[in-house]
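# A closer look at the structure
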Amino acid sequence: NAGVTQTPKFQVLKTGQSMTLQCAQDMNHEYMSWYRQDPGMGLRLIHYSVGAGITDQGEVPNGYNVSRSTTEDFPLRLLSAAPSQTSVYFCASRPGAYNSPLHFGNGTRLTVT
Amino acid sequence: AQSVTQPDIHITVSEGASLELRCNYSYGATPYLFWYVQSPGQGLQLLLKYFSGDTLVQGIKGFEAEFKRSQSSFNLRKPSVHWSDAAEYFCAVGSNDYKLSFGAGTTVTVRA
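Residues numbered from 1 in each chain as written. Chains lettered and ligands numbered in written order. Predicted model: local features only at pLDDT ≥ 70, side-chain atom pairs only at ≥ 80, totals over all residues. Heavy atoms only, no water.

### Structural notes on the environment of Lys78 of chain B
All names here are of chain B. Mapped onto the fold, Lys78 is located in strand S9 (residues 73-78). Classification of Lys78 by relative accessible area gives buried; the value is 10%. When the C-alpha positions of Lys78 and Lys61 are compared, they lie 8.8 Å apart, and in sequence the two are 17 residues distant. Apart from residues no more than four positions distant in its own chain, Lys78 is found in contact with Ala17, Ser18, Leu19, Lys61, Gly62, Phe63 and Asp85. Here Asp85 takes part through its side chain, which lies 2.8 Å from a polar atom of the side chain of Lys78. (Helix = DSSP H or I, 4+ residues; strand = E, 2+ residues; numbered from the N terminus. Buried < 20%, exposed > 50% of the residue type's maximum accessible area, 1.4 Å probe, protein only. Contact = heavy atoms within 4.5 Å. Polar contact = N/O pair within 3.5 Å; in protein donor to acceptor, adjacent residues only side chain to side chain.)

What follows is the structure, encoded as structure tokens:
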């Protein structure tokens, strides 16, 4: 059971470039989310999805787009990367219940120069 | 909206000593509370959770946490730490929506 898989593990972008961070889960979880982790700020929610075709904004959505065409996949797109988006990005999923814990991927470390 | 405060940024503890990590939350109703641990270069792993019932909850790796509604706290404890407990610890609070809010984290260093 692979759980939550994120690719790539590391990425360096130049300012203005675009890219997609991939996230896939094989647990048939309804809920998926993206967080960014910055020193001293903990994890902040970027976007989340409660099922295929349904997405919503979190705490820090600006500069990021998401889509959820299947239950398994939840990619995060950076349309025009900025140095402020240098961070570690985590994808997480859980069953639909509010009190279920999140299952995290191992993260993508993104540097924007 | 809910929020979480972890007052201690960094704690150093001797191996074999006890450990307590503080967590305070802000939320109007009964929250769902979690503690996660993150080892360097890894994702977050669930230590324990609380959403109802007994206010003292047991988790993995010998950790426990106590929910105190009157103090809006959910402190994490371990009676005797091991060198492998060196990591970053995050408290998180959820509610009847789809958003889970995390504290800024506490880094634990274990000295021999």
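### Considerations on the layout of surface pockets
Taken as a whole, the largest pocket holds about 530 Å³ of empty space. The wall of the largest pocket is formed by 27 residues, among which Gln37, Val88 and Arg109 of chain A together with Gln38 and Gly41 of chain B lie closest to the centre. The leading source of residues in the lining of the largest pocket is strand S11 (residues 108-112) of chain A, at four residues. Residue classes in the lining of the largest pocket are distributed as nine nonpolar, 14 polar and four charged. (1 Å grid on protein atoms, 1.4 Å probe; cavity = no way out; pocket = protein on both sides within 12 Å on 5 of 7 lines; lining within 4 Å. Points joined across faces, edges and corners; volume = space filled by probe spheres on them. Nonpolar A, V, L, I, M, F, W, Y, C, P; charged D, E, K, R; others polar.)

### Considering the pairing of strand S1 (residues 4-7) of chain A
Both faces of the sheet carry side chains from a regular strand, because those side chains alternate between them. All names here are of chain A. Because side chains alternate across S1, one face comprises the buried residues Val4 and Gln6, and the other comprises Thr5 and Thr7, none of which is buried. Taken together, the four bridges between S1 and strand S3 (residues 19-25) define a ladder with antiparallel strand orientation. Opposite Thr7, over in S3, you have Gln22 as the bridge partner. (Pairing = 2+ DSSP bridges.)

### Describing the state of the cysteines
All names here are of chain A. Taken as a whole, this structure holds two disulfides over all chains when the rule is applied. What pairs with Cys23 in a disulfide is Cys91, and their sulfur atoms sit 1.9 Å apart. Where Cys23 bonds to Cys91 through sulfur, the torsion about that S-S bond is close to -70°, and the disulfide is left-handed. Here the residue Cys23 occupies a position in strand S3, and Cys91 occupies one in strand S9 (residues 87-94), the gap between them amounting to 68 residues. (Disulfide = S-S within 2.5 Å.)

### Quick look at the packing of aromatic side chains
Counted by the stated rule, this structure contains 14 aromatic pairs over all chains. Ring geometry for Tyr35 of chain A against Phe102 of chain B: centres 5.3 Å apart, planes inclined by 85°, an arrangement best described as edge-to-face. One end of the pair, Tyr35 of chain A, is in strand S4 (residues 31-38); the other, Phe102 of chain B, is in strand S11 (residues 100-102), on a second chain. Relative to Phe74 of chain B, the ring of Tyr50 of chain B has its centre 6.4 Å away and its plane inclined at 45°; by these criteria the two rings are tilted. (Phe/Tyr/Trp six-rings, centres within 6.5 Å; stacked < 30°, edge-to-face > 60°.)

### Focus on the interface of chain B and chain A
Reports of interface size often rely on the accessible area that becomes lost once the parts have come together. Facing 22 residues of chain B, the contacting portion of chain A comprises 22 residues. Counting each side, the surface lost to burial between chain B and chain A is near 1,800 Å², with a carbon and sulfur contribution of 61%. On the chain B side of the interface with chain A, the three residues burying the most area are Leu44, Tyr98 and Phe102 of chain B, jointly 34% of the side's total. Where chain B touches chain A, the interface holds zero salt bridges. The tally of links from chain B across to chain A stands at four residue pairs in polar contact (both at pLDDT 80 or more). For the side of chain B that touches chain A, the secondary-structure elements that each account for two or more residues are strand S5 (32-38), strand S6 (44-50), strand S10 (87-94) and S11 of chain B. Here the residues of the side of chain B that touches chain A are counted per class, giving eleven nonpolar, seven polar and four charged. (Buried area = accessible area lost by both parts, 1.4 Å probe. Salt bridge = Lys/Arg side-chain N within 4 Å of Asp/Glu carboxyl O.)

### Some thoughts on the pattern of salt bridges
Using the criterion set out here, one finds six salt bridges over all chains in the structure. The partner of Asp38 of chain A in a salt bridge is Arg36 of chain A, with the nearest N and O atoms 2.8 Å apart. Taken as a pair, Asp38 of chain A and Arg36 of chain A share a single burial class, namely buried. The residue Arg77 of chain B makes a salt bridge to Glu64 of chain B at a minimum N-O spacing of 3.3 Å. Of the two residues, Arg77 of chain B sits in strand S9 while Glu64 of chain B sits in strand S8 (residues 64-68), which places them 13 residues apart along the sequence.

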